[in-house]
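These are the residues of each chain, in order.
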Amino acid sequence: MPARAATQAVAHPYIGAVKVLVVGSGAREHAIVRSLSLDPSVDEVVAAPGNAGIASTATCEPLAGGPTDVKAVVALARRIGTDLVVVGPEAPLVAGVADAVRAAGIPCFGPSAEAARLEGSKAFAKDVMSAAEVPTGLAHVCTTLEAVEDALDALGAPHVVKDDGLAAGKGVVVTDDRGEALEHARACLEKPDGAVVVEEYLSGPEVSLFCLCDGVTVVPLSPAQDFKRVGDDDVGPNTGGMGAYCPLDWAPEGLVDDVVGRVAQPVVDEMHRRGTPFVGVLYVGLALTPRGPRVIEFNARFGDPETQVVLARLATPLGGVLLAAATGRLDEAPRLRWSEDYAVAVVVAAENYPGTPRTGDRVSGADDVVGAPTAYVLHAGTARDEAGELVSAGGRVLSVVATGPTLADARRRAYAAVDGIGLPGSHHRSDIALRAERGEVVPSAVGAHGSDA
Ligand code: AMP
Ligand code: GLY
């Protein structure tokens, strides 16, 4: 009966032939495209602009002005008649892509420009956290070097100085060296409308928890750990992320419920109260300090490379969940199911990353992955040269992902696959998930709930 079918379509927006447009071109977007293409309810996936690896799974469409070209994204979404737009990176969100897509009547998984300020401005995030009584580090927002000096003295070493605006994961300096902290602050303040946040140092293992949000309801994914520093043993500068793994066997029991209850839900409620509901991924970056979990940062999108491992374990078809979030129906979505496997991702980066990377080098071994199908390669900065050969085209070139029944298995498979990749001058960390495999990651003794007493 048609009437009944219509009712069902409304109650279960995730059943049916869905066409999805994914905006972005990194390994995170490749992971999203891969999961969407495995969802039986998803008919077609289009990526814009995508990359050389995404092109083997999805149609890739150019965007005249790149992913922040709001008009081009809307025009493409209309032209291909997409049912859902999923925005991967932060820059298009901050530029208002999600607002424009929704204004065109197309469901969009991604927050409005105003809601994306949770990532786009660290000062704004602190303001929302304060209003929502979310546990985080003490912080001073400074617009002059004198104010920075006072804040550094008030909070003491180690010093944490953050660029207020977007900086691709490279805007934070953590140092014992007051001179270095001041130098970073000076560089940030020299930018137009420059501001810095000087923050209390938070010690303890870090966790990334992605929460799917539809403006009201929060559905947490599986927590993951990211490796931000470029070198083994966490030495060298911060990067966008050099590897990740999940699940976190060492995480305190009740951590996810605690973080949803004390962080994600209050923030989503506060954003709703302000009239700027948060739709998309609220990425909660936490330090598990001796006093309990403290928010280090929010991002308004899936993390990269954590998404590569989180989606590797998500057994529930992704398209239905993202469409439910985009249409305000997360409360109706089925409970998420997870694989029992562990997942590890290792980023293969170009020479000189996180500085200006060398590009144009031949990439070999990415199609014939050692250990497939439990190991696979997701592309980030890749392209095809005139001869059709795969070449590097960015800083983080590939994410090599592997799953296995133990963390040790997943790790071993990931590194066996990395060893099969050729890229002149490339580098990767060799210790992704190593300390967890050895049982050396120890969260605070206080436990998930912590105490300020
Ligand atoms: P963010 O861009 O805010 O995620 O910071 C990047 C990295 O800097 C984090 O993953 C942490 O490793 C480090 N970091 C940021 N804030 C703090 C803090 N308050 N205390 C200690 N480390 C921090
Ligand atoms: N992996 C950290 C980020 O996506 O910001």
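Residues numbered from 1 in each chain as written. Chains lettered and ligands numbered in written order. Predicted model: local features only at pLDDT ≥ 70, side-chain atom pairs only at ≥ 80, totals over all residues. Heavy atoms only, no water.

Caption draft 1: The arrangement of the packing of aromatic side chains in detail. Tallied over the full model, the rule gives 4 aromatic pairs. Geometrically, the ring pair formed by Phe210 and Tyr283 is tilted, given 5.1 Å between the ring centres and 40° between the ring planes. Placement of Phe210 in strand 10 (residues 206–214) and of Tyr283 in strand 16 (residues 279–289) is noted, with a sequence separation of 73 residues between them. Tyr283 matches Phe210 in its accessibility class, with the two residues each being buried. Note on Phe227 and Tyr245: the rings are 6.0 Å apart at their centroids and 45° apart in plane angle, and the pair reads as tilted. Taken together, the residues Phe227 in the loop between strand 12 (225–226) and strand 13 (229–231) and Tyr245 in strand 15 (residues 243–246) connect sequence positions 18 residues apart. Of the residues examined, Phe227 reaches a relative accessible area of 11% and is grouped as buried. (Phe/Tyr/Trp six-rings, centres within 6.5 Å; stacked < 30°, edge-to-face > 60°. Helix = DSSP H or I, 4+ residues; strand = E, 2+ residues; numbered from the N terminus. Buried < 20%, exposed > 50% of the residue type's maximum accessible area, 1.4 Å probe, protein only.)

Caption draft 2: Molecular detail of the side chain of Thr136. The residue Thr136 is located in the loop between helix 7 (122–131) and strand 6 (139–142) in this model. Here the side chain of Thr136 touches Lys126 through a polar contact of 2.8 Å, side chain to side chain. Reaching out from Thr136, the side chain makes a polar contact with the backbone oxygen of Val295 at a distance of 2.7 Å. Ignoring any residue separated from it by four or fewer positions in sequence, one finds Thr136 in contact with Lys126, Met129, Arg294 and Val295. (Polar contact = N/O pair within 3.5 Å; in protein donor to acceptor, adjacent residues only side chain to side chain. Contact = heavy atoms within 4.5 Å.)

Caption draft 3: Representation of the site of ligand 1 within the structure. Not every one of the 14 residues close to ligand 1 is listed here, only the nearest: Glu199, Glu200, Leu202, Glu206 and Glu297. Within the side chain of Glu206, a nitrogen or oxygen atom sits 2.5 Å from an oxygen atom of ligand 1. Here an oxygen atom of ligand 1 sits 2.6 Å away from a polar atom, N or O, in the side chain of Glu297. Relative to its unbound accessible surface of 470 Å², ligand 1 loses 92% to contact with the protein. Sorting the residues of the shell around ligand 1 by element identifies strand 7 (159–163), strand 8 (172–175) and strand 17 (292–299) as the ones contributing at least two each. (Near = heavy atom within 4 Å. Areas by Shrake-Rupley, 256 points an atom, 1.4 Å probe, with all protein chains shown as cover.)

Caption draft 4: Broad picture of the packing of helix 8 (residues 145–155) against helix 9 (residues 178–189). Interaxial distance between helix 8 and helix 9 falls to 10 Å at its minimum, and their mutual angle equals 145°. In this structure, the crossing between helix 8 and helix 9 has a hand that is right-handed. Residues Leu145, Val148, Glu149, Leu152 and Asp153 of helix 8 form the contact with helix 9, whose own contacting residues are Arg178, Ala181, Leu182, Ala185, Arg186 and Leu189. Classifying every residue of the contact of helix 8 with helix 9 by side-chain character gives 7 nonpolar, no polar and 4 charged. (Axes fitted to C-alpha atoms, helices over the stretch in contact; angles between N-to-C directions. Left-handed = near helix turned anticlockwise from the far one by under 90°. Nonpolar A, V, L, I, M, F, W, Y, C, P; charged D, E, K, R; others polar.)

Caption draft 5: Highlighting helix 3 (residues 70–80). Taken together, the buried positions of helix 3 are Ala72, Val73, Val74, Leu76, Ala77 and Ile80. Contacts from the buried residues of helix 3 go to strand 1 (18–24), strand 2 (42–49), strand 4 (84–87) and helix 5 (97–103). Of the residues flanking the end of helix 3, it is Gly81, one or two places downstream, whose phi is positive at about 65°.

Caption draft 6: Representation of the site of ligand 2 in the model. As a structural note, the neighbourhood of ligand 2 is formed by Asp226, Lys228, Gly240, Tyr283, Asn299, Arg301, Gly303, Asp304, Pro305 and Glu306. Residue Gly240 places a main-chain N or O atom 3.2 Å away from a nitrogen atom belonging to ligand 2. In the environment of ligand 2, an oxygen atom lies 2.8 Å from a nitrogen or oxygen atom belonging to the side chain of Arg301. When the free accessible area of ligand 2 is taken as 200 Å², the share hidden by the protein chains comes to 93%. Partitioning the shell around ligand 2 into residue classes produces 2 nonpolar, 3 polar and 5 charged.

Caption draft 7: Region of interest: the pattern of salt bridges. Scanning the entire structure with this criterion turns up 28 salt bridges. Among the ionic pairs, Asp431 bridges to Arg429, the shortest N-O distance being 2.8 Å. A relative accessible area of 11% means that Asp431 is categorised as buried. One salt-bridge network, in which partners are shared between bridges, spans Asp127, Glu270, Arg273 and Arg274. (Salt bridge = Lys/Arg side-chain N within 4 Å of Asp/Glu carboxyl O.)

Caption draft 8: Looking closely at the side chain of Thr289. Looking at the secondary structure, you find Thr289 in strand 16. Residue class for Thr289 comes out buried when judged on its relative accessible area of 4%. Within the local environment of Thr289, its side chain forms a polar contact with the backbone oxygen of Gly292, the two atoms lying 2.7 Å apart.

In short, geometric facts, not functional conclusions.
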